[in-house]
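# A structural walkthrough
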Amino acid sequence: MKVTVDEAKCCGAGQCVLIAPEVFDQREDDGIVILLESEPAENLHATVREAAAVCPAAAIEVNESA
């Protein structure tokens, strides 16, 4: 799994951080997503998929074939 984020799309809702804090964080100044782990461990795949699914700005992309 390969994860990418589009900071320009991010609205700072923070749902990704609540769901998968091992993979996502937010910048202090504006709340924009920070990708901590672009290739998360297999045990985190389900939570990363959930974070991408609930992102209101669709700023998280998950490539399953990577």
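Residues numbered from 1 in each chain as written. Predicted model: local features only at pLDDT ≥ 70, side-chain atom pairs only at ≥ 80, totals over all residues. Heavy atoms only, no water.

### Quick word on the overall build of the chain
- Check the secondary structure of the chain and you find 2 helices and 4 strands.
- Ordering the α and β elements of the chain from the N terminus gives β-α-β-β-α-β.
- Relative to a compact globule of 66 residues, whose C-alpha radius of gyration would be 11 Å, the chain shows 11 Å and is just as compact.
- When the backbone C-alpha atoms are referred to their principal axes, the chain occupies close to 30 × 20 × 15 Å.
- Among the 66 residues that make up the chain, the fraction classed as buried is 32%.
- By sequence separation, contacts in the chain at least 24 residues apart represent 56% of the contacts at least 6 residues apart.
- A total of about 3900 Å² of accessible surface is found on the chain, and carbon and sulfur atoms cover 47% of it.
- Looking at charge distribution, the chain has the averaged site of its 4 positive side-chain charges lying 6 Å from that of its 13 negative ones. (Helix = DSSP H or I, 4+ residues; strand = E, 2+ residues; numbered from the N terminus. Rg over C-alpha atoms; globule rule 2.2 N^0.38 Å. Buried < 20%, exposed > 50% of the residue type's maximum accessible area, 1.4 Å probe, protein only. Contact = heavy atoms within 4.5 Å. Areas by Shrake-Rupley, 256 points an atom, 1.4 Å probe, with all protein chains shown as cover. Lys, Arg positive; Asp, Glu negative; His and termini not counted. Charge placed at Lys NZ, Arg CZ, Asp CG, Glu CD.)

### Things to note about the nonpolar core
- The biggest cluster of nonpolar side chains holds 17 residues, and the ones touching the most others in it are V3, C16, V23, F24, V48 and I60.
- For this core, the elements supplying multiple residues, two or more each, are helix 1 (15–19) and helix 2 (45–54).
- By residue number, the principal contributor to this core is helix 2, which donates 3 residues.
- Once residues within four sequence positions are removed from consideration, V48 is found in contact with M1, V3, V23, F24, P40 and V62. (Core = buried A, V, L, I, M, F, W, Y, C linked by side-chain atoms within 4.5 Å.)

### So, unusual backbone geometry
- Of note in the backbone geometry, A58 takes a positive phi value of approximately 50 degrees without being a glycine.
- By the secondary structure assignment, A58 is in the loop between helix 2 and strand 4 (60–63).
- On the accessibility criterion, A58 (48% relative accessible area) is partly exposed.

### Regarding the state of the cysteines
- By the definition in use, this model includes 0 disulfides.
- Not engaged in a disulfide, the cysteine C11 finds its nearest cysteine sulfur in C10; these two sulfurs lie 5.9 Å apart. (Disulfide = S-S within 2.5 Å.)

### Side note on the pattern of salt bridges
- A complete count under the given rule lists 3 salt bridges for this structure.
- Between E7 and R27 there is a salt bridge, with the nearest N and O atoms lying 3.1 Å from each other. One end of the pair, E7, is in the loop between strand 1 (2–5) and helix 1; the other, R27, is in the loop between strand 2 (24–26) and strand 3 (33–35), and 20 residues separate them in sequence.
- Residue E7 is classed as partly exposed on the basis of its relative accessible area of 41%.
- Put simply, R49 and E64 hold a salt bridge, and the shortest N to O gap is 2.6 Å. With a gap of 15 residues between them, R49 in helix 2 and E64 in the segment after strand 4 connect regions that are remote in the sequence. (Salt bridge = Lys/Arg side-chain N within 4 Å of Asp/Glu carboxyl O.)

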